Amino acid sequence: MTYYDHGTPAERWERAQMFFDAKDYAAAARVLGGLVEEVPEQTGPRLLLARAYYHSAQLRRAEAELRVLVERDPVEHYARLMLGRTLERQGRHEEAGSHLRIASALAGDFERV
């Protein structure tokens, strides 16, 4: 057992948030990876894991986590938005556009749609 997976799920969640807030995205991802495996049905840890991957330029990993979230809950606005941004950073603008339009519509921003 390492420092990253030591403690209860609540303690690891708190630790991951502290790493994320400190902009240590790689450490946050290490903590969150195990937590997501343990509680795969929870949106919060998976979304924060995707954000940690995004900010540490692990875009394929971020995309994979976000696709799980969007597949599970197609109206999850922030996951849609992040998926669109992640695809944009990968140069996949056409694919990103559809996710960004859906995110805008879900947020009530119909000017962008």
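See the structure printed just above.
Chemist: Describe the overall build of the chain, listing the residues and the values that go with them.
Modeler: Broken down by element type, the chain carries 6 helices and 0 strands. When the helices and strands of the chain are listed from N to C terminus, the series reads α-α-α-α-α-α. With the C-alpha coordinates of the chain rotated into their principal frame, the extents come out at 50 × 25 × 20 Å. Scored against the burial criterion, the 113 residues of the chain give a buried share of 39%. Long-range pairs, those at least 24 residues apart, make up 41% of the contacts in the chain with a sequence separation of at least 6.

Chemist: Can you explain the pattern of salt bridges? Please cite residues and give values.
Modeler: Summed over all chains, the structure comprises 8 salt bridges. Put simply, arginine 67 and glutamate 63 hold a salt bridge, and the shortest N to O gap is 2.9 Å. Of this pair, arginine 67 and glutamate 63 both sit in helix α4 (residues 59-72), 4 residues apart, which is roughly one turn of that helix. For arginine 67, a relative accessible area of 29% gives the class partly exposed. We classify glutamate 63 as buried; its relative accessible area is 9%. Several salt bridges share partner residues, and in doing so they unite Arg60, Glu63, Arg67, Arg92 and Glu95 into one network.

Chemist: Run through the packing of helix α1 (residues 9-21) against helix α2 (residues 25-38), naming residues and quoting values.
Modeler: Two elements in contact, α1 and α2, have axes separated by 8 Å at closest approach and are oriented at 155°. Classified by the interaxial angle, the pair formed by α1 and α2 is roughly antiparallel. α2 is crossed by α1, and the crossing has left-handed handedness. Here Pro9, Arg12, Trp13, Arg15, Ala16, Phe19 and Phe20 of α1 lie close against α2, whose contacting residues are Tyr25, Ala27, Ala28, Val31, Leu32, Gly34, Leu35 and Glu38.

Conventions we followed
- Residues numbered from 1 in each chain as written.
- Predicted model: local features only at pLDDT ≥ 70, side-chain atom pairs only at ≥ 80, totals over all residues.
- Heavy atoms only, no water.
- Helix = DSSP H or I, 4+ residues; strand = E, 2+ residues; numbered from the N terminus.
- Buried < 20%, exposed > 50% of the residue type's maximum accessible area, 1.4 Å probe, protein only.
- Contact = heavy atoms within 4.5 Å.
- Salt bridge = Lys/Arg side-chain N within 4 Å of Asp/Glu carboxyl O.
- Axes fitted to C-alpha atoms, helices over the stretch in contact; angles between N-to-C directions.
- Parallel < 35°, antiparallel > 145°, perpendicular 65-115°, else oblique.
- Left-handed = near helix turned anticlockwise from the far one by under 90°.

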